[in-house]
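Residue-level structural notes
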Protein chains: 2
Amino acid sequence: MTATRIGSERELLRSAGLRATEQRVAVLRALEGSPHADANGVFTAVLPELPDTSLQAVYGVLGALTEAGLVRRIEPAGSPARYELRVGDNHHHIVCTRCGAIGDVDCAVGSAPCLTPADTSGFTLTTAEVTYWGLCPDCAAAPLT
Amino acid sequence: MTATRIGSERELLRSAGLRATEQRVAVLRALEGSPHADANGVFTAVLPELPDTSLQAVYGVLGALTEAGLVRRIEPAGSPARYELRVGDNHHHIVCTRCGAIGDVDCAVGSAPCLTPADTSGFTLTTAEVTYWGLCPDCAAAPLT
DNA sequence: GGTCAGTTTTGAATCACTCAAGATAGGGGC
DNA sequence: GCCCCTATCTTGAGTGATTCAAAACTGACC
């Protein structure tokens, strides 16, 4: 009963007004398998399925999907851009300072406090983004090395 | 009564255990003049004072100052790294989505809510970082073009 | 003022990403 | 099911930000 039927990605793409190419389907499926993957990670995941895919195509697909609102692009400091399928909800990310692993975090207090700073320096504010930094379970458990 | 006496940067550097080279003093002074400058901006600001300075030296100085805790490095998505002298306090940034201008923002509710997400996915959390996105006063006032 | 490790200069290389031109393949209409 | 048109992908090259390495230099302790 998982929602990952073969055709669902095609329907998702078409409903967003995009052509359902096999590269796009493969990228969506890759992101289902590894959330928060970067462009190269998606590329690696797509290759076995579509060996002729180019890295540039992956960049193009990710750009199109991002623009269509089907994927969300996150860019933690010091890391290449990551992409995830979870869109439309207000969730944030926690990044491991040692290995770069990323986890999803729901905002404990909702969006209101974070969205209303005391003084915006005259800026017109549209969105707020929270990034947490810490250690992932694996790195916290590992010795100093 | 400004705190920007000639010698103060040298004292600051020495107290942090760093050699007070003229390049480092010049970088600190550049950051006083333009907060949130990127490496190239600092380089440009330093050149008139020290024409023989290389861009690589600026990167090296900024890296050393960041490591020593004298400057803070921020990396908004889609922008080169920016550097600022304001360290040690809990303040965040607002970035103009059109021109990339950056402003400082004090957290309206303190750091507590942002630092306590409901579920950290097993991560050990150390810091939280908030980035606001919006339009700067100039871009908000400007027509669509 | 001399000495030496920490810094900077010079030159090159890497990484993530973008651009452009031509080849290819979805998918609506028949 | 087949054709055509255009969106998309492939191939190849280029850019900007940043880092690496070796040699020249210089700040700071003595």
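Residues numbered from 1 in each chain as written. Chains lettered and ligands numbered in written order. Predicted model: local features only at pLDDT ≥ 70, side-chain atom pairs only at ≥ 80, totals over all residues. Heavy atoms only, no water.

1. Let's talk about the relation of the copies chain B and chain A
Put simply, the second copy of the chain is the first one after a rotation about an axis and a shift along it. It takes a turn of 179 degrees to lay chain B on chain A, together with a shift of 0.0 Å along the axis; the resulting RMSD is 0.2 Å. A rotation of that kind, with that shift, is consistent with a two-fold axis. Closest approach to the rotation axis among the C-alpha atoms of chain B is made by Val130(B), whose C-alpha sits 2.3 Å away. A shared interface surface links the copies, since 100% of the contact residues of chain B are contact residues in chain A too. (Least-squares fit on C-alpha atoms with pLDDT ≥ 70 in both. Contact = heavy atoms within 4.5 Å.)

2. Considering the sheet that holds strand 4 (residues 91-96) of chain B
Strand order in the open sheet formed by six strands is 5(A)-4(A)-6(A)-6(B)-4(B)-5(B), and the pairing between neighbours is mixed. The open sheet has two free edges, formed respectively by strand 5 (102-106) of chain A together with strand 5 (102-106) of chain B, since each of these has just one partner strand. Averaged over all adjacent pairs, the angle separating strand axes in this sheet is 30 degrees, with direction ignored. Sheet topology note: the strand 4 of chain B/strand 5 of chain B ladder contains five bridges and is antiparallel. In the strand pairing of strand 5 of chain B, His91(B) is matched with Asp106(B). (Pairing = 2+ DSSP bridges. Helix = DSSP H or I, 4+ residues; strand = E, 2+ residues; numbered from the N terminus. Axes fitted to C-alpha atoms, helices over the stretch in contact; angles between N-to-C directions.)

3. Some details on the environment of Ser79(A)
All names here are of chain A. By the secondary structure assignment, Ser79 is in the loop between strand 2 (72-74) and strand 3 (82-84). In this structure Ser79 comes out as partly exposed when scored by relative accessible area, which is 23%. Separated by 21 residues in sequence, Ser79 and Val58 have C-alpha atoms that sit 18 Å apart. In this structure the side chain of Ser79 is engaged in a polar contact, spanning 3.2 Å, whose partner is the side chain of Arg82. (Buried < 20%, exposed > 50% of the residue type's maximum accessible area, 1.4 Å probe, protein only. Polar contact = N/O pair within 3.5 Å; in protein donor to acceptor, adjacent residues only side chain to side chain.)

4. Some points on the packing of helix 1 (residues 8-15) of chain B against helix 2 (residues 22-33) of chain B
All names here are of chain B. At a minimum axis distance of 9 Å, the contact between helix 1 and helix 2 shows a crossing angle of 115 degrees. Regarding the angle of helix 1 to helix 2, the classification is roughly perpendicular. Crossing hand, helix 1 versus helix 2: right-handed. Seen from helix 1, the contacting residues are Glu9, Arg10, Leu12 and Leu13; seen from helix 2, they are Arg24, Val25, Leu28, Arg29 and Glu32. Of the residues belonging to the contact of helix 1 with helix 2, the class tally is four nonpolar, no polar and five charged. (Parallel < 35°, antiparallel > 145°, perpendicular 65-115°, else oblique. Left-handed = near helix turned anticlockwise from the far one by under 90°. Nonpolar A, V, L, I, M, F, W, Y, C, P; charged D, E, K, R; others polar.)

5. Looking at the domain arrangement of chain A
Its domain assignment divides chain A into domain 1 (8-74) and domain 2 (89-141). Put simply, the middle of domain 1 of chain A and the middle of domain 2 of chain A, counted by C-alpha atoms, are 25 Å apart. (Domains from an automatic or database assignment.)

6. So, the environment of Cys99(A)
Residues and elements named next belong to chain A. Within the secondary structure, Cys99 is located in the loop between strand 4 (91-96) and strand 5. Measuring from C-alpha to C-alpha, the distance between Cys99 and Asn40 comes to 17 Å, with 59 residues separating the pair along the chain. The residues contacting Cys99, other than those within four sequence positions of it, are Cys136 and Cys139.

7. Brief notes about unusual backbone geometry
With phi around 65 degrees, His36(A) is a residue other than glycine that occupies positive phi space. Inspection of the secondary structure assignment puts His36(A) in the loop between helix 2 (22-33) and strand 1 (37-38).

8. Let's talk about the protein's contact with DNA strand C
Within the structure, DNA strand C sits among 18 residues, and Arg10(A), Ala20(A), Tyr59(A), Thr21(B) and Ala57(B) are positioned closest to it. Backbone atoms, meaning sugar and phosphate, make up 65% of the atoms of DNA strand C lying within 4 Å of the protein. In this structure, a phosphate oxygen belonging to DNA strand C sits 2.7 Å away from a side-chain N or O atom of Thr21(B). Elements supplying a minimum of two residues to the surface near DNA strand C: helix 1 (8-15) and helix 4 (55-68) of chain A together with helix 2 and helix 4 (55-68) of chain B. It is helix 4 of chain B that provides the largest number of residues to the surface near DNA strand C, a total of three residues. Classifying every residue of the surface near DNA strand C by side-chain character gives six nonpolar, six polar and six charged. (Near = heavy atom within 4 Å.)

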